[in-house]
Amino acid sequence: MPTLISREEALQRIVDEGGRPPCLMCAILQRRVGEVHVVHEDDEILVMLPRYVRRWGHVMVIPKLHVTTFSGVDARVWSRTTHVAHHAARVVERALRPLRCYMASVGSSAGELVQTSMHLHMHVIPLFQADDRPADVFSWTEGVLVGEAHEWAELLQRYREVWDACAP
C-alpha cells in the first residue's frame, strides 16, 4: 500500500528532484524532474502516473505542446487531449473499479508553483469513497500518497494491460 507523507515533505521532495523549472509539465515531458511513470505516450500526448497523489491510481494527461490558455490551444490538440483523458478514465474504471472518477482540466493562473503548472493538463482521479469531494482529492493539506517502485510497476502493468482493450 502506498505511504502517506505530509504536504511539506512532498513539496520538498519535488524541489529536491527537479528544482523550480520554468514549466513543470514541460520539465516532466523532457524527463528533467524525476522518474516518469508512463502509461501511454505518442507524438502529442503523455499519459502518466503523478508521483504525489491524493488518490492511488490518479492519472495525468499532458499535451506535449506548451499551452497555458484555452484560447492558445489548437482545437484539434485539445480535442485529442480530452479524448485521451476520456480513454484514460475508462482504463482507470476497468482496472481499479472505483465508484467513479473525477476528471479536471487545470493550469495555474498563479504562475508556475511547486505543486502546479500553468501548462494545461488533465487529471483523472479514481474515487473509492462515497463522500469524496473535490477538496479531498485536490488539496494536499491531509498529506500525499507516494509509492514504492514495485507499487508503481504493479499499477502501470494493470493500466497497460487494459489500455488497448478500452479503445472506443
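Parameters at a glance
- Residues numbered from 1 in each chain as written.
- Predicted model: local features only at pLDDT ≥ 70, side-chain atom pairs only at ≥ 80, totals over all residues.
- Heavy atoms only, no water.
- Core = buried A, V, L, I, M, F, W, Y, C linked by side-chain atoms within 4.5 Å.
- Buried < 20%, exposed > 50% of the residue type's maximum accessible area, 1.4 Å probe, protein only.
- Helix = DSSP H or I, 4+ residues; strand = E, 2+ residues; numbered from the N terminus.
- Contact = heavy atoms within 4.5 Å.
- Pairing = 2+ DSSP bridges.

Colleague: Tell me what's going on with the nonpolar core, and back it up with residues and numbers.
Modeller: Val47, Leu49, Val59, Val61, Val124 and Tyr159 are the most contacted members of the largest nonpolar core, which has 32 residues in total. Sorting the residues of this core by element identifies strand S3 (45-49), strand S4 (59-63), helix H3 (75-96), strand S6 (121-127) and helix H5 (149-163) as the ones contributing at least two each. The dominant element in this core, judged by the number of residues it contributes, is H3, at 10 residues. Setting aside residues up to four positions removed in sequence, valine 47 forms contacts with His37, Val38, Val39, His40, Val59, Met60, Val61, Val84, Ala88 and Trp163. With 14 residues, the next largest nonpolar core counts Cys26, Ala27, Val38 and Leu46 among its residues.

Colleague: Any chance you could break down the environment of glutamate 142 for me, citing the residues and the numbers?
Modeller: Within the element layout of this structure, glutamate 142 appears in the loop between helix H4 (134-138) and strand S7 (144-146). In the structure, glutamate 142 is positioned 70 residues away from glycine 72 in sequence and 34 Å away in space, judged by C-alpha atoms. Apart from residues lying up to four places away in sequence, glutamate 142 is in contact with Leu4 and Arg54.

Colleague: Please give an account of the environment of histidine 37 that cites residues and values.
Modeller: For histidine 37, the position within the fold is in strand S2 (residues 37-41). Under the relative-accessibility criterion, histidine 37 is labelled buried at 4%. Measuring from C-alpha to C-alpha, the distance between histidine 37 and leucine 156 comes to 7.3 Å, with 119 residues separating the pair along the chain. If we skip the residues at most four places from it in the chain, histidine 37 touches Val47, Met48, Leu49, Arg51, Trp152 and Leu156.

Colleague: For the pairing of S2, give the residues involved together with the corresponding values.
Modeller: As paired elements, S2 and S3 share four bridges and run antiparallel to each other. Bridging across to S3, histidine 37 finds its partner in leucine 49. Between S2 and S3, which pair antiparallel and follow one another directly, the connecting turn spans three residues.

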